[in-house]
Amino acid sequence: MKRQSSLTPITVKGNAFMVGDKRFFVRGIAYQPGGSAANLDPLADSKVCLPDIEKFKKLGINVVRVYSTDNSKDHKDCMDALAEAGIYVALDVNNPLYSINRKDPGPSYNAAYLQSVFATIDEFEKYDNTMAFFSGNEVIHDEKETTLAARYVKATTRDMRSYMKSRGVRQIPVGYSAADVSDNRMQTAAYFNCGTDDERSDFFAFNDYSWCTSDFKTAGWDVKVKNFTGYGVPIFLSEYGCNKNVRDFGELEALMSDKMTAVYSGGLMYEYSQEANKYGIVEITGSKDQSGPRKELPEFAAYSKALAANPAPTGLAGAVTSSNSNSSPCPAKDDFWIVQSTLLPALPDGAKAYLKDGAGKGPGLNGPGSQNAGGASTEDAEPGSGTGGNSTPTQSSAAVAGHMGPMEKAPFVLSGAIFIFTMIGAALL
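Here the structure is a predicted model, which means the values were calculated and not measured. (Residues numbered from 1 in each chain as written. Predicted model: local features only at pLDDT ≥ 70, side-chain atom pairs only at ≥ 80, totals over all residues. Heavy atoms only, no water.)

### Considerations on the overall build of the chain
Okay, step 1: In terms of helices and strands, the chain carries 13 helices and 13 strands.
Okay, step 2: Among the 429 residues that make up the chain, the fraction classed as buried is 61%.
Okay, step 3: Taking contacts inside the chain between residues at least 6 apart in sequence as the whole, the part at least 24 apart equals 84%.
Okay, step 4: Element-wise, carbon and sulfur atoms account for 51% of the exposed surface of the chain, whose accessible area totals about 15,800 Å². (Helix = DSSP H or I, 4+ residues; strand = E, 2+ residues; numbered from the N terminus. Buried < 20%, exposed > 50% of the residue type's maximum accessible area, 1.4 Å probe, protein only. Contact = heavy atoms within 4.5 Å. Areas by Shrake-Rupley, 256 points an atom, 1.4 Å probe, with all protein chains shown as cover.)

### Focus: the sheet that holds strand 7 (residues 130-137)
Okay, step 1: In spatial order, the strands read 4-5-6-7-8-9-10-11; together these 8 strands close into a barrel with parallel pairing. For this sheet, the mean inter-axis angle between neighbouring strands, taken without regard to orientation, is 25°.
Okay, step 2: In this sheet, strand 7 lies alongside strand 6 (residues 88-92) in parallel orientation, the contact comprising 4 bridges. Each residue of the ladder has a partner; that of Leu91, found in strand 7, is Phe133. (Pairing = 2+ DSSP bridges. Axes fitted to C-alpha atoms, helices over the stretch in contact; angles between N-to-C directions.)

### Some details on the side chain of Arg65
Okay, step 1: Within the fold, Arg65 resides in strand 5 (residues 63-66).
Okay, step 2: Judged by relative accessible area, Arg65 falls into the buried class, the value being 0%.
Okay, step 3: Here the side chain of Arg65 touches Ser238 through a polar contact of 3.2 Å, landing on its backbone oxygen.
Okay, step 4: For Arg65, the contacting residues outside a window of four places in its chain are Ile29, Ala30, Tyr31, Ala90, Asp92, Phe134, Asn137, Ser177, Asn207, Ser238, Glu239 and Leu268. (Polar contact = N/O pair within 3.5 Å; in protein donor to acceptor, adjacent residues only side chain to side chain.)

### Here's the deal with the state of the cysteines
Chemically, a disulfide is nothing more than a covalent bond linking the sulfur atoms of two cysteines.
Okay, step 1: The full count for this structure, using the stated rule, is 3 disulfides.
Okay, step 2: A disulfide bridge connects Cys49 with Cys78, and the sulfur atoms are separated by 2.1 Å. On the S-S bond that ties Cys49 to Cys78, the torsion sits near -90°, and the link is left-handed. Of the two residues, Cys49 is situated in helix 2 (residues 46-59) and Cys78 in helix 3 (residues 76-84); the sequence distance between them amounts to 29 residues. Each member of the pair Cys49 and Cys78 is classed as buried. (Disulfide = S-S within 2.5 Å.)

### Digging into the sheet that holds strand 1 (residues 10-13)
Okay, step 1: Reading across the sheet, the 3 strands line up as 1-2-3 and stay open at both edges, with antiparallel pairing between neighbours. Taken across any chain shown, the strands that pair with only one partner, and hence form the sheet edges, are strand 1 and strand 3 (22-24). Strand-to-strand, the axes of this sheet are offset by a mean angle of 50°, without reference to chain direction.
Okay, step 2: Here strand 1 runs beside strand 2 (residues 16-19); their pairing, made up of 4 bridges, is antiparallel. Residue pairing in the sheet places Lys13 in a bridge with Ala16 of strand 2.

### With respect to the packing of aromatic side chains
Okay, step 1: A complete count under the given rule lists 28 aromatic pairs for this structure.
Okay, step 2: Judged by centre distance (5.7 Å) and plane angle (65°), the rings of Phe17 and Phe236 are edge-to-face. On the criterion of sequence distance, the pair formed by Phe17 in strand 2 and Phe236 in strand 10 (residues 235-240) is long-range, its members being 219 residues apart. Across the pair, exposure class does not vary: Phe17 and Phe236 are buried alike. (Phe/Tyr/Trp six-rings, centres within 6.5 Å; stacked < 30°, edge-to-face > 60°.)

### What to know about a negative patch on the surface
Okay, step 1: Residues Asp142, Glu143, Glu145 and Asp183 make up a contiguous surface patch of negative charge.
Okay, step 2: The exposure class of Asp142 is partly exposed, given its relative accessible area of 49%. (Patch = residues over 30% accessible without salt bridge, like charges linked within 9 Å, V, L, I, M, F, W, Y side chains within 5 Å. Salt bridge = Lys/Arg side-chain N within 4 Å of Asp/Glu carboxyl O. Lys, Arg positive; Asp, Glu negative; His and termini not counted. Charge placed at Lys NZ, Arg CZ, Asp CG, Glu CD.)

### Overview of the pairing of strand 11 (residues 264-269)
Sheet faces and side chains relate simply in a regular strand, where the side chains alternate between the two faces.
Okay, step 1: Across the 6 residues that make up strand 11, a large majority, 6, are buried.
Okay, step 2: In this sheet, strand 11 lies alongside strand 4 (residues 26-30) in parallel orientation, the contact comprising 4 bridges. Across the sheet, residue Val26 finds its bridge partner in strand 11, namely Gly266.
Okay, step 3: Pairing geometry for strand 10 and strand 11, over 3 bridges, is parallel. In the sheet register, Leu237 faces strand 11, and the bridge partner there is Gly267.

Here it is, written out as structure tokens:
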């Protein structure tokens, strides 16, 4: 049952997120107290989320990204409290036990995996402040062999959209959160926006740590904006916040300016809680269940100040909202992108019943796992076989192509702890 008082759901129109007829900019933060090591769901425990929501209100954010949730638990208290605070939630549907294995993706795309994914949809589709789902996080990485996992992540995107349509629930936007790897950044973006409408993502996001207390041009963001101009769906930063220097979050000035708003729809600062990687702005002490006292660190005030100084633009701010079908051509095979087929694996036979009957109770964060559960897909699907789109391929005259400049990112090379965390969605068990 949906809550009685709720936020207006986020929709996608052209390359913009919309709230009703107004453009929506992501101005948020990554939120996973304890990191992946804690294996806790912060939205399932009001002792954790409620004090943090007070901090979110003080910051002035409008979105939190949560990487790992327990689909066997109820989330009403936290989701309702977030809605009352005017805050939307972007959710990763994977966790270390239920995810696509980037080194051996085929067997991990199976019915048990999709049952967990669909159960997460069932739990969160009831809340109007569920903004978006991420079908994967940094599964494709800097090793060219990991690009072969793209087909399985894209199939998951297709299946999630098909599930929502088949179950008659709100079509919550689904997209991918990419690593900012210069060798395959543009190929990845093009791949998730090519093909039939049921296969294409509703948005594309990437984790960008290239701005290290620098400026728009030094960080190379001017080049990225140029290369993403004409991309047909919303783009935003699913993580940002290089911590090589004391952070002043100057990224926000650029993200909210006319240098970027025609192409980008904001971003999520990494991260809320202080973990071993030292990106946090709040320290949580005294409790393994993350319910202990909260202490604001110096960068909390800096981020709050940056948000206040750089409000979201009014109007469409350069966005193109006239079309929802501005697709890209699928990328060709090259030295860094070795996906050859545009076909996606078919929905595994064991998962077909979920579209009709529902996923049932989720396995949570401590189930038996799915990567070696068997029941993997055994054949490719015909294009347009999903039910989440009109299956009409369209090509953009301004489609993304080519390579970016030598702009290396990555939290996974800055800190081993971040590498471990970004393995959610691509855990190697």
